[in-house]
Amino acid sequence: MYQHKFVKLLLWLGILMVFVTGCGKKDSEDTVVLAESASKTYTISSRLLKPDIGSVSINRNYHVAGEMLYFLGAGEKERGIYSMPVDRDGEVTRLPIDWDISEACLLFTIPTDGQLYCFFEEDEGQYSLRSYTHQGEMIRQQDITSGLGQNPEEFPFGKAVVDGAGKVYTLGEERIRLFQQDGGYCGSIELPGKELLDMVCAGADTIYVTYRRAEDTCVYLTKVEQTTGKLGEAVSIPGTGKLYSDEEGNILTCDARYLYEIDTVTGEEIALLDLPRHYIKVADICELRRSNSGEFSFLLKAVRGNGDELEWITLRENIMASNQGKEEKTILRLVAPCTEGEDTDLLNFIMEFNKQNENYQVVYEPLGLSTDEEFAMFVNTRMISDNCPDLLLVNYFLYETYAEAGGLEDLQSYMEQSLLISTQDYLDNAIAPYKKVNAIYGFPKTLDVQGWVGKKSQVEELYQNMTIDSFLSFLEKHPSARFEYDGEYSGLLRTCLKFGMGEYVDFEKGVCSFDGKKFRELMERIKATQNIHAVPRGQWNSVKDSDAILFMETHLGDFLALEKKAAEYGEELIFLGYPSEDGSLVGEAWPEGSLAIAANSKEKEGAWEFLKYYILNYHSPYGMPAEKYRFEEQWKSIQTPKYEVDASGQKMEAPISHFFYQNQMEPIYALSEERANHIYEAVKSARPFTAEEKTILNIVYEESSGYFYGQKTLEETVDIIQNRCQLFLDERGN
């Protein structure tokens, strides 16, 4: 009964959330109007733009004018403005323009005179608009400092566009400033309460802008009324607000799936191009064009690159392929809670699958939601709709809820058909949240372990001997002990109960005893600490340099995480985990990266084909591997020294890794057997927190503060905790 009530609640909340946050988004494939171009087959030509200019890299400030790419070179020596062709082979040319990397700069061109324009910060507080020929010869320089008024922090502008008359519009945070092309200031359009996103010139003299309002998350498109200096009527559009225009002056925009043409009067959109089908990621688009002949060109951040490469891609209609009536791939939808651009490695992996697989096309839908609860609410509405996702990237906390509610496909029968996939290949504490009796719902890729860490010289007596009693006795003995987080009353209680809950809850029998003598004594003992172990927000840096005994809640995201943390504190650290009933070492295991198949998916066979490919081939660059063999390989590698020969021919030990600390790269050498075993034990002894334990712990945490801060008596507090927890256990049992 409880699980059905929970799912109904999530469904209703999910519907409300879609209503609140879903404006400008497509809830169903049926609502997308497809242009003829969306179903055509294209031939893709690509040129990698990697300038051969030594250490100089392409700065994020680049601009395409005609057939030329202009960019700021941000290297150590050859700083400057460069040009190179985008659609043909040609040399990179450094323009004779003085530019220092510390100076803000924005590049753009004016179509009427074909000149290259730059907004510059000349000196601190002094700004100018310069114009150059395309060969870099200066034509004029005009001071624009007065045009910035009292808001110089808005320079450099987010964007500059030019209308047919040569007037320059610059995009600030809450205002649009206007300049003549000779630098003369023409005033501003003030837009308080609006977060300006992008701006584009469509046709000869029409300027459009996108923005968000403070009261919602929708993206709005509107025209700048040049006669009144105000914005026109706004319409809601899909996507992130990024704007482009084509040769005919049409407004274009993108979301994660489509390139759209927007009707600027009604806000209606027509999908012109399925971006993932052509291996184009919307977050990588720097500029795009659509010609009158229907040809699409994109300037992209190169998928294969290291951040300094760009790619110029052109899509031309493949007449022969279109006429052959080639069967379209079946679309698989994969939803994830993260924001577009957060998981580049996964998206690149999906694009590789799409290129190789002849039958299926995976469309990645990052929902941009920050919490598991938001994700659950949103996904539940999709689960029962015609737009049900096929695959979900789900936090391990939610697997139990979804599986019990029948929302996830049991993968046991699929797994049995594959000789290469087995639950035995995974660390026990990594695979545990995804396994039920005779059922399996996911396969994690990584494992992160969380727990308290301290200086070995200060807290070694607690290592593998940290019961609730010994932990609190240590704090009573050392009043100088300080916690980076959770050092206040309720935080200490949560630390004690995280893996010491068995004293008060029997989940198998469905009973708890928070109103008993032992829990009352625990509450009184924690209150007696008088909150002296808590550190006010923002003051940890001053505390860590003192003589205080320090507890840092740390994530072991890789085998070297503790060594990197030790550099911050100047001495060896040990992983303590959390108090346990018998004092043994235990941290919290966080298995991540598991994909699930939705039980209502209409394409389960295709979803398994991608999931199988993902399980066997995707290796996340973050976290420790959840697969046993890869975990053991990495553990052995951190103990294996590397050597190199110096200039004199002497063999010397070399670092096995580096990390960035205090503005410089620090080396890490092979760990001793003792240190490597310490990390090994910390990971292997960790266990995941269940959804039931999390619920109980949250109830105790929420209700205990009333007693700790004098708002309720101890009797009132334990009665409330007992009643709420027992009610949860009763509903769970039913």
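Residues numbered from 1 in each chain as written. Predicted model: local features only at pLDDT ≥ 70, side-chain atom pairs only at ≥ 80, totals over all residues. Heavy atoms only, no water.

> Residues and numbers for the overall build of the protein, please.
A count of helices and strands for the protein gives 19 helices and 44 strands. Put simply, the protein has 734 residues, and 52% of those count as buried. The contacts of the protein with a sequence gap of at least 6 include a subset with a gap of at least 24, amounting to 60%. A total of about 34,100 Å² of accessible surface is found on the protein, and carbon and sulfur atoms cover 46% of it. (Helix = DSSP H or I, 4+ residues; strand = E, 2+ residues; numbered from the N terminus. Buried < 20%, exposed > 50% of the residue type's maximum accessible area, 1.4 Å probe, protein only. Contact = heavy atoms within 4.5 Å. Areas by Shrake-Rupley, 256 points an atom, 1.4 Å probe, with all protein chains shown as cover.)

> Let's hear about the side chain of histidine 533: which residues, and what values?
Along the chain, histidine 533 turns up in the loop between helix 12 (517–527) and helix 13 (540–544). Judged by its relative accessible area of 2%, histidine 533 is buried. Side-chain polar atoms of histidine 533 contact the backbone oxygen of alanine 481, separated by 2.8 Å. Dropping the residues within four chain positions of it, histidine 533 is found in contact with Leu475, His478, Pro479, Ala481, Arg482, Phe483, Gly487 and Leu492. (Polar contact = N/O pair within 3.5 Å; in protein donor to acceptor, adjacent residues only side chain to side chain.)

> Tell me what's going on with the packing of aromatic side chains, and back it up with residues and numbers.
One pass over the structure, following the stated rule, counts 30 aromatic pairs. When the ring of phenylalanine 179 is compared with that of tyrosine 185, the centres are 5.4 Å apart and the planes differ by 55 degrees; the resulting orientation is tilted. Judged by relative accessible area, which is 0%, phenylalanine 179 ranks as buried. For tyrosine 185, a relative accessible area of 37% corresponds to the partly exposed category. Here the aromatic rings of phenylalanine 474 and phenylalanine 551 are separated by 6.0 Å at their centres, their planes lie at 85 degrees, and the arrangement is edge-to-face. (Phe/Tyr/Trp six-rings, centres within 6.5 Å; stacked < 30°, edge-to-face > 60°.)

> For unusual backbone geometry, give the residues involved together with the corresponding values.
One non-glycine residue, asparagine 438, lies in the positive phi region at around 55 degrees. Relative to the assigned elements, asparagine 438 resides in the loop between strand 30 (435–436) and strand 31 (439–440). The backbone of aspartate 486 shows a phi angle near 55 degrees, a positive value even though the residue is not glycine. The exposure class of aspartate 486 is buried, given its relative accessible area of 17%.

> Tell me about the packing of helix 12 against helix 19 (residues 714–733), and name the residues and values.
One way to put it is that helix 12 packs onto helix 19 with a least axis distance of 11 Å and a crossing angle of 125 degrees. As judged from the angle between their axes, helix 12 and helix 19 are oblique. Pair helix 12 / helix 19 crosses with right-handed handedness. For the pair helix 12 and helix 19, the contacting residues are Phe519, Arg520, Met523 and Glu524 in the first and Leu714, Glu715, Thr717, Val718 and Ile721 in the second. Residue composition of the contact of helix 12 with helix 19, by class: five nonpolar, one polar and three charged. (Axes fitted to C-alpha atoms, helices over the stretch in contact; angles between N-to-C directions. Parallel < 35°, antiparallel > 145°, perpendicular 65-115°, else oblique. Left-handed = near helix turned anticlockwise from the far one by under 90°. Nonpolar A, V, L, I, M, F, W, Y, C, P; charged D, E, K, R; others polar.)

> Can you lay out the sheet that holds strand 28 (residues 360–366) for me, pointing to particular residues and giving the numbers?
The mixed open sheet is built from four strands, whose spatial order is 28-27-29-39. Unpaired on one side and paired on the other, strand 28 and strand 39 (595–597) mark the two borders of the sheet. Along the sheet, successive strands turn relative to each other by an average axial angle of 25 degrees, direction set aside. Two elements, strand 27 (residues 330–336) and strand 28, share seven bridges in a ladder whose sense is parallel. In the sheet register, arginine 333 faces strand 28, and the bridge partner there is valine 363. Packing of helix 15 (residues 604–617) onto the sheet brings it into contact with strand 27, strand 28, strand 29 (391–393) and strand 39, and relative to strand 39 it is tilted by some 160 degrees. (Pairing = 2+ DSSP bridges.)

> Any details on the sheet that holds strand 13 (residues 175–179)? Residues and values, ideally.
Reading across from one edge, 11-12-13-14 is the order of the four strands in this open sheet, with antiparallel pairing throughout. Single-partner strands in this sheet number two, and they are strand 11 (159–162) and strand 14 (185–190). Sheet twist, expressed as the average angle between the axes of neighbouring strands with direction ignored, equals 20 degrees. Examined bridge by bridge, strand 12 (residues 168–171) and strand 13 share four bridges and lie antiparallel to one another. When the sheet's bridge partners are listed, valine 168 is paired in strand 13 with phenylalanine 179.

> Which residues make up the packing of helix 16 (residues 628–637) against helix 17 (residues 673–684), and what are the values?
It is the contact of helix 16 with helix 17, at a shortest axis distance of 10 Å, that shows an interaxial angle of 155 degrees. Considered as vectors, helix 16 and helix 17 are oriented roughly antiparallel to each other. Handedness of the helix 16/helix 17 crossing: right-handed. In this structure, helix 16 uses Phe631, Glu632 and Trp635 to contact helix 17, whose residues at the interface are Ala676, Asn677, Tyr680, Val683 and Lys684.

> With reference to specific residues and values, describe the environment of threonine 330.
Within the element layout of this structure, threonine 330 appears in strand 27. Taking C-alpha positions, threonine 330 is 8.3 Å from glutamate 603, a pair spaced 273 residues apart along the chain. The contact partners of threonine 330, leaving out residues within four places of it in the chain, are Asn359, Tyr360, Gln361 and Glu603.

> Mind laying out the pattern of salt bridges, listing which residues take part and the relevant values?
Enumeration according to the criterion identifies 28 salt bridges in this entry. One salt-bridge network, in which partners are shared between bridges, spans Lys456, Glu563, Glu572, Glu674 and Arg675. (Salt bridge = Lys/Arg side-chain N within 4 Å of Asp/Glu carboxyl O.)

> Outline the environment of alanine 214, listing residues and values.
Within the secondary structure layout, alanine 214 lies in the loop between strand 16 (206–213) and strand 17 (219–225). Judged by its relative accessible area of 72%, alanine 214 is exposed. Alanine 214 sits 21 residues away from glycine 193 along the chain, and the two C-alpha atoms are 6.1 Å apart.

> Could you give me a rundown of the pairing of strand 21 (residues 251–254), with the residues and numbers involved?
Alternating residues of strand 21 divide into Ile251 and Thr253 and Leu252 and Cys254, and every residue in both groups is buried. Summarising the sheet, strand 20 (residues 244–245) and strand 21 pair through two bridges and their orientation is antiparallel. Residue pairing across strands places tyrosine 244 opposite leucine 252, the latter belonging to strand 21. The antiparallel pairing of strand 20 with strand 21 creates a hairpin that spans five residues between the two strands, and glycine 249 there sits at a positive phi of about 85 degrees.

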